[in-house]
Amino acid sequence: MPTLRALPGRGDNDLLAAYRAGLTRHWPMRRHLLARLLAGAGQGGWTPAERHLLSDAVRQRGLSMRDRKGLHRLLNPGAFPFATNPLKNKQLFAEVARAAGLTIAPACNPDRDDLAAWLAGERDIIAKPSFQSKGQGVERFWRDETWRGCAGPVGDDLLMARLLRVWRDGGVIQRRLPTHAALADLSPGALPTLRVMTCLDEDGVPEACGLALRLSAGGIRPVDNFNAGNLVLGVDAAGRCGPAWLGGGAGAPSVHAHHPKTGAPIEGFILSDLPAAIALALDAHHVFRTGFTVIGWDIGLTDAGPMLVEGNWNPGTDILQLVEGRGVADMRLGALYRHHLDQLPAQAWCAARAIEWDRRRA
């Protein structure tokens, strides 16, 4: 999908005003006109779904999902092409993370490992396609006597063929990590992940600027993404959980103090691994900092402790604003966004286009 920069309106908050000012100061008139046409065609600002999700007060001080991509593309020049982006190319991500000693899931590299022998020692695995987001295309396979997937039994030869196809297309084949025992009833269908937003501070040091815990609602898909009908909630500095929002519906999300399927209490639950999870995200940003100012990390909360699942170069702003009950412009993250926009060189603003294609290859 292309990146569309529909020029934000003059009445927007100070974060969007800084973004708009940088563009207008460096763009030629024809680019202004195209960006205004995109805005007039409804290609910027808040979608109907976000209007259901977020209050007027939050949106007034917020950053929409449409507008954040153009902003993130300026702050994260390492994002393109995707083939060399370690936060989009899952095989590259695993290679860099493993070499740096970061804690990630055990995996099979069929170019180096015997896939059949690896599978013989596994009972529950995940296959993730590359260059995807929001849990798209993720498959789970498990076995008792024989291998099974969400659609039923899978023969050994068919499983091998499917996994090799995922690998050839740039995906990864990993052990499915067991959920931390204390969270098993809070995330019954998938590994719960803590989204940790990190951003380089004024001195260029990674700082944790936002938290959101995602839990499975108990569906058959092996993902915990909010848009897939799962739960998201805020976590305070002490690790105390707030109430959870259930996503995936057409209207406003419902709020739950207890898990809608298991009845386990969510609000007030203490996330004991919070310091270790944040530390892992900060360590990861140090490793992946070249070309990336802001990263959204997904940290799996496993029986063996926090595990790095992935990093996102274009992290969503919707769930963070939902669980914090305020717009990005009022967060520490927004202050750092403004700082880095102020520090951008003129050539970065001039190189930004109203329409930019998301290149996979150079």
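## Observations regarding the overall build of the chain
Move 1: The secondary structure content of the chain amounts to twelve helices and 15 strands.
Move 2: Relative to the globule expectation of 21 Å for 362 residues, the C-alpha radius of gyration of the chain, 21 Å, shows essentially globular dimensions.
Move 3: With respect to the three principal axes, the spread of C-alpha positions in the chain is 65 × 45 × 40 Å.
Move 4: Counting only residues that meet the buried cut, the chain has 54% of its 362 residues in that class.
Move 5: Intrachain contacts of the chain at a sequence separation of at least 6 include 65% that bridge at least 24 residues.
Move 6: Element-wise, carbon and sulfur atoms account for 52% of the exposed surface of the chain, whose accessible area totals about 15,800 Å².
Move 7: Separation between the mean location of the 42 positive side-chain charges and that of the 36 negative ones in the chain comes to 8 Å.

## Re the pattern of salt bridges
Move 1: Inspection of the entire model under this criterion finds 19 salt bridges.
Move 2: Put simply, Arg-338 and Asp-14 hold a salt bridge, and the shortest N to O gap is 3.8 Å. Pair noted here: Arg-338 is in helix α11 (residues 332–343) and Asp-14 is in helix α1 (residues 14–26), with a separation of 324 residues, a long-range link.
Move 3: The residue Arg-195 makes a salt bridge to Asp-298 at a minimum N-O spacing of 2.8 Å. Linking Arg-195 in strand β8 (residues 193–200) with Asp-298 in strand β13 (residues 294–302), this pair joins segments that are 103 residues apart in sequence.
Move 4: Salt bridges sharing common partners tie together Arg-5, Lys-69, Arg-73, Glu-356 and Asp-358.

## Digging into the sheet that holds strand β9 (residues 206–215)
Move 1: Read across the open sheet, the seven strands follow the order β12-β11-β10-β9-β8-β13-β14; overall the sheet is antiparallel. In this open sheet, the two strands that pair with only one neighbour each are β12 (254–256) and β14 (305–312). On average, adjacent strands in this sheet sit at an angle of 30° to one another, irrespective of strand direction.
Move 2: Relative to β9, β8 runs antiparallel, the two sharing eight bridges.

## Description of α11
Move 1: Its twelve residues give α11 an end-to-end C-alpha distance of 17 Å, which sits within 8% of 16 Å, the value for a rise of 1.5 Å per residue.
Move 2: Regarding α11, the residues found buried are Leu-333, Gly-334, Leu-336, Tyr-337, Arg-338, His-340 and Leu-341.

## A few points about the pairing of strand β11 (residues 241–246)
Move 1: In this sheet, β11 lies alongside strand β10 (residues 231–235) in antiparallel orientation, the contact comprising four bridges. By the bridge assignment for β11, Leu-231 is matched with Leu-246.
Move 2: The hairpin turn running from β10 into β11, its antiparallel successor, is five residues long, and Gly-239 in that turn takes a positive phi close to 90°.

## Structural notes on the sheet that holds strand β3 (residues 124–128)
Move 1: As summarised here, the arrangement of the six strands in space is β2-β7-β3-β4-β5-β6, forming an open sheet in which the pairing is antiparallel. Each having just a single partner strand, β2 (107–108) and β6 (152–153) make up the two edges of the open sheet.
Move 2: In terms of strand pairing, strand β4 (residues 139–143) meets strand β5 (residues 147–149) through three bridges, oriented antiparallel. Looking at β5, one finds that Phe-141 is bridged to Gly-149.

How each quantity is defined
Residues numbered from 1 in each chain as written. Predicted model: local features only at pLDDT ≥ 70, side-chain atom pairs only at ≥ 80, totals over all residues. Heavy atoms only, no water. Helix = DSSP H or I, 4+ residues; strand = E, 2+ residues; numbered from the N terminus. Rg over C-alpha atoms; globule rule 2.2 N^0.38 Å. Buried < 20%, exposed > 50% of the residue type's maximum accessible area, 1.4 Å probe, protein only. Contact = heavy atoms within 4.5 Å. Areas by Shrake-Rupley, 256 points an atom, 1.4 Å probe, with all protein chains shown as cover. Lys, Arg positive; Asp, Glu negative; His and termini not counted. Charge placed at Lys NZ, Arg CZ, Asp CG, Glu CD. Salt bridge = Lys/Arg side-chain N within 4 Å of Asp/Glu carboxyl O. Pairing = 2+ DSSP bridges. Axes fitted to C-alpha atoms, helices over the stretch in contact; angles between N-to-C directions. Expected span 1.5 Å × (residues − 1).

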